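Report on the structure
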Amino acid sequence: MEVPEPRAATPPPPAQGKGALLETPYGTVTVSTWGTPRPGRPALLTFPDVGHTHSSCFSPLFEHPEMLEISRTFLVVHLDPPGMEEGAPPYPSGYQYPSLEQLAETVPCVLQQLHIPSIVGIGVGAGAFVLAKFGLLHPEAVEGLVLLNIDPSAKGWMDWAASKEELSAAPPPIREARERIRGTANVGLYWSMYCSRGDLGLERSGGGLKCPVLLVVGDGSPHEDAVVECNAKLDPTSTSFLKVLPHRSCPIDPAP
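All of these numbers come straight from a predicted model, not from anything done at the bench.

Structural notes on unusual backbone geometry
Glycine aside, residues mostly have negative phi angles, and peptide bonds mostly take the trans form. Residues other than glycine seldom take positive phi values, yet His-115 does so here, at roughly 60°. Using a relative accessible area of 52% as the deciding quantity, one classes His-115 as exposed. The backbone phi angle of Asn-149 is positive, close to 55°, even though this residue is not glycine. Inspection of the secondary structure puts Asn-149 in the loop between β6 (142–148) and α6 (157–169).

Thoughts on the environment of Lys-233
Tracing the backbone shows Lys-233 in the loop between α9 (224–232) and β8 (239–244). Judged by relative accessible area, Lys-233 falls into the partly exposed class, the value being 21%. Each C-alpha atom of the pair Lys-233 and Glu-203 lies 5.1 Å from the other, and the pair is 30 residues apart in sequence. With near-sequence residues (within four places) excluded, Lys-233 lies in contact with Ser-153, Asp-199, Leu-202, Glu-203 and Arg-204.

A closer look at the confidence of the model for the protein chain
The pLDDT averaged across the protein chain works out to 81; a share of 76% of its residues lies at or above 70. Of all secondary-structure elements in the protein chain, the lowest mean pLDDT belongs to α6, at 49, while helix α3 (residues 100–104) reaches the highest, 97. Counted against residues more than four places away or in other chains, residues 1–16, with its pLDDT under 50, gives eleven contacts.

Criteria and thresholds
Here the residue index of a chain counts from 1 through its sequence in written order. Only residues with pLDDT of at least 70 are given local features in this predicted model, and only at 80 or more are side-chain atom pairs given and counted; all residues enter the totals for whole chains, interfaces and linings. As a convention, hydrogens and water are excluded, and side-chain values are obtained from all of the structure's heavy atoms. When a residue's accessible area, from a 1.4 Å probe over protein chains only, is under 20% of the maximum for its type it is buried; when over 50% it is exposed; and in between it is partly exposed. The way it works is that DSSP assigns letters per residue, a run of H or I at least four long becomes a helix, a run of E at least two long becomes a strand, and they are numbered from the N terminus. Two residues form a contact once any of their heavy atoms are found within 4.5 Å. Scored from 0 to 100, pLDDT records how confident the predictor is in each individual residue.

Structure, rendered in structure tokens:
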């Protein structure tokens, strides 16, 4: 009588709606899931902007009735980068936070541990840059991207000066958010990596994203020019461009 060989234990998925810590070569990320995997369908994976957790960044979107209906048919995976989850302890002085490219490489680690073959990614700001980089590095794992407020270019001195001027003229809520970024140790590390990012390397003539892309920006927002630039660098046959309500800096604001 043959005795079947024991199978390697499959790690359980994170508890529904609760964060599970997953190890990657570039730090421990927090993963929260909703729903169950559907055969033949990608998972929806989110990556937040600087100064946000997945909850503060994406709850307004996923609580919208139409999005609730869509998300019921997918496994939803919310990924918080290292040290960005609520209640995270501060990193020690001198800690080298991962670059945006290294953060992009945390995504395949998560997909492998959760046995997810492919995703549709939804990212905002720095998170949009990270997911776009992941799409460039691992095109076989990306079936689509929704990129909000993406800036595909390297940060330069002129950009830094413009952001200082923009901050001085910004409404109080935006100034308060920026000050919160500066005042929180771990968030400041993520912000520093975003501000020192390299160029994403998009070219319409080749070497660009291979999946369908939806670019989203608020009409008249400070991110508009950067998103327009990104649109010009992508394949027009597989890229859609959406502007939402005027002067809305974040298109997933809870207001309708």
